[in-house]
Amino acid sequence: MAELNHVRVVIADDHTIWRSGVRADLGENFTVVGEAADAGEAIAAIDREKPDLVLCDLHMPDGGGLRVARERGEAAKIVILTVSEAERDLLDAVSAGAAGYLLKSTEPDELRISLWKAAQGEPVFSPSLAALVLTEFRRLKTSSPDEGLSTREREVLQHVARGHTYKAIGEELFISQKTVENHVRNILKKLHLNRKQELIRYALEKGIE
Amino acid sequence: MVQPPGAQLNTPCRSATYAADVAASQPSGPADLVPLDRSLEIGVLRGIVAYRWLTISWAAVALFFQRDHLTRTGIALVALGVALAFTAWSTLAARNDAGWLMRPAAVATEASIGVGLLLLDGVIWGGIEEQTRRQSLPWAWPHAAILSAAAVFGMRPALAVAGLLAASSWWGELEVRGGQDSWVGVGSKSALYVLAAIGTALVMRRLSEASTQISAARAREEMAATLHDGVLQTLAVIQRRSDDTELVDLARRQDRDLRAHLWGTPEADSGFEAAVAAAARRVAEGYDLAVQSLLPEDLPPLTADVDHALGGAVAEAITNAAKHAQAGRVVVYAEPLEDDPDGHLVFCSVNDNGTGFDVDAMSPGRGLRHSIHDRIEGVGGRVELASSPETGTEVRFWVGGRSPGHG
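Residues numbered from 1 in each chain as written. Chains lettered and ligands numbered in written order. Predicted model: local features only at pLDDT ≥ 70, side-chain atom pairs only at ≥ 80, totals over all residues.

Draft legend 1. Quick peek at the packing of helix α5 (residues 104-125) of chain B against helix α6 (residues 143-153) of chain B. All names here are of chain B. Their axes nearest at 9 Å, the elements α5 and α6 cross at an angle of 155°. In terms of their interaxial angle, α5 and α6 are classed as roughly antiparallel. For α5 against α6, the interelement crossing comes out left-handed. Where α5 abuts α6, its residues Val 107, Glu 110, Ala 111 and Gly 114 lie against Ala 144, Ala 145, Ser 148, Ala 149 and Val 152. Of the residues that constitute the contact of α5 with α6, the class distribution is six nonpolar, two polar and one charged. (Axes fitted to C-alpha atoms, helices over the stretch in contact; angles between N-to-C directions. Helix = DSSP H or I, 4+ residues; strand = E, 2+ residues; numbered from the N terminus. Parallel < 35°, antiparallel > 145°, perpendicular 65-115°, else oblique. Left-handed = near helix turned anticlockwise from the far one by under 90°. Contact = placed C-beta atoms within 7 Å. Nonpolar A, V, L, I, M, F, W, Y, C, P; charged D, E, K, R; others polar.)

Draft legend 2. Quick peek at the nonpolar core. One finds Ala42(A), Val54(A), Val79(A), Val314(B) and Ile318(B) to be the most contacted residues of the largest nonpolar core, which totals 104 residues. The element contributing the most residues to this core is helix α12 (residues 304-323) of chain B, with ten residues. Leave out the neighbours within four places in its chain, and Val79(A) touches Leu53(A), Val54(A), Leu55(A), Cys56(A), Ala98(A), Ala99(A), Gly100(A), Leu102(A), Leu115(A), Ala118(A) and Val124(A). In terms of nonpolar packing, the next biggest core, distinct from the first, is built from 41 residues, Val44(B), Ile56(B), Ala145(B) and Ala158(B) among them. (Core = buried A, V, L, I, M, F, W, Y, C linked by C-beta atoms within 7 Å. Buried ≥ 20, exposed ≤ 12 C-beta atoms within 10 Å, placed from the backbone.)

Draft legend 3. How the structure looks around the confidence of the model for chain B. All names here are of chain B. Per-chain confidence: chain B averages 76 in pLDDT, with 79% of residues scoring 70 or above. The secondary-structure element of chain B with the lowest mean pLDDT is helix α1 (residues 12-25), recorded at 32, while strand β3 (residues 346-352) shows the highest, at 91. Here residues 1-35 is modelled with pLDDT under 50, and outside its nearest four sequence neighbours on either side it reaches 37 contacts, counting other chains as well. Here the predicted complex carries an ipTM of 0.73, next to a pTM of 0.54. (pLDDT = per-residue confidence, 0-100.)

Draft legend 4. View of the environment of Gln177(A). Residue and element names in this part refer to chain A. Among the secondary structure elements, Gln 177 is positioned in helix α9 (residues 177-205). For the pair Gln 177 and Thr 165, spaced twelve residues apart in the sequence, the C-alpha separation amounts to 9.3 Å. With near-sequence residues (within four places) excluded, Gln 177 lies in contact with Tyr 166, Lys 167 and Gly 170.

Draft legend 5. Quick look at the sheet that holds strand β4 (residues 77-82) of chain A. All names here are of chain A. Ordered by their spatial adjacency, five strands build an open sheet running β2-β1-β3-β4-β5, and the pairing between neighbours is parallel. Bordering the open sheet on either side are β2 (30-36) and β5 (100-103), each of which pairs with just one other strand. The mean inter-strand angle of the sheet, taken between neighbouring strand axes irrespective of direction, is 25°. Taken together, the four bridges between strand β1 (residues 7-12) and strand β3 (residues 53-56) define a ladder with parallel strand orientation. For Val 10, the partnering residue across the bridge sits in β3 and is Val 54. In the packing of helix α3 (residues 64-72) onto the sheet, the strands contacted are β1, β3 and β4, and the crossing angle to β4 comes to about 170°. (Pairing = 2+ DSSP bridges.)

See below:
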């Protein structure tokens, strides 16, 4: 990742007042290069501006944040910013390709830090998301080592769930912060894969082609 | 938890709100004139239209094959024509404005046609000498009148129609046709009419109960979605943009209550989870501290005393973080242990991002030692404490699985 003095951000939310609020909260290290009120506008803004980061509401007209993540998750880092604490929404966002999932109640300081990290390629992973993923993998209990989590990955996830920063986790496990990030990225990939397989299995069981 | 593919469709909340908007902006339209709560009846009435076509086709086929045995073919054709006309009208009505089918006049007309057919039945066949009974043409078609009456008006009107039809078929069969041997046939026909009335009315009653429940559930869901998108957003904006601490506090409390109402909180449970929820609530009232509680559903059950001790210790740790560490957020995390060397069943941690303190310098008299260590060690658990100014404080617990007092 290139050195970032200014993170170029697109804010997508169907509430104007929320967009201006976030714009004010982001501060001087971020430049808002585009705003969008629905998924279609967000995708157009991403194609036009090529932002470093997209802050995207989950429930918006025209497909919502999930559509933006699915269609432009590769092109830009999409961070979902929502009021929804529903487990389904969290997991769906990750599966759709979102780089992060934050609650709108996140304190401005924490929001800025998380977004800065997300812009630099760090997977933004909240403790609640980590706890959900741990529970999900405990339930799956796959015997195949490819599908389940490695011991190290589980350790990393447990630390995230307990509220530790990547830096603190690295120090505790005697690995670099970069390694911690890589673990988290792999975990997300496995989660995505598992979920896909799970959906396919479900579809086959129900006889849906 | 893995969701079925339907879970991918995350937008129904949103689109539901939009559908409502669209409907509100176009108040006039023929489709809107039919009240929503009649949609069940309309669906059933459309099904009855199909039934009419099946029975009239059958009557036509029977008429064709038995044309040589009829004494009055012309009357049979006229009768069939009248029934066909009504069937065709009901089809058009169902397609264009199903409200027509629900008028008493429509049901009465159909019942009258049914009565006429049954009365004529004897005339059409009258005078045949063979012992074998012939297929009676309108036998099944008049059922549709009973079904419609049951679907729209309920059990009593349906029974009235059934009684009328049964009486007509008795008269048609016995008086005009003079069939001495048809008691059983006419009797079972009448029984079927009555059964159709009762059966359909009962099924309709069940269906409308179910449909009421479904629409109530849908209304609740839509309300939750609206609150979710509107009120929670507004509360979030207030919390973020206002400098008025009292207002922010109010918004935060409302936010929490609304969430609890919409998605439920684990506070109904007893023991450990209830204690965590109660402590979180208490702290949120008095301090500027967000408590995030991450307790999975698959925690193994703990004995009552362990539950109680852990709950108290966690609550104490949260209070400490709020009072002494000036923390902004606390994460309470728990998970089941599978092969713990000490045989403990549950791991739990309380982590804050506060100022931390020197663990070694902590005097034994401090509340932490007394209230946390004593509680947990009293039920055979283990406590660890880690604290630094950079990472804040974390209290870790290992509990359950061993008899109290053993270590």
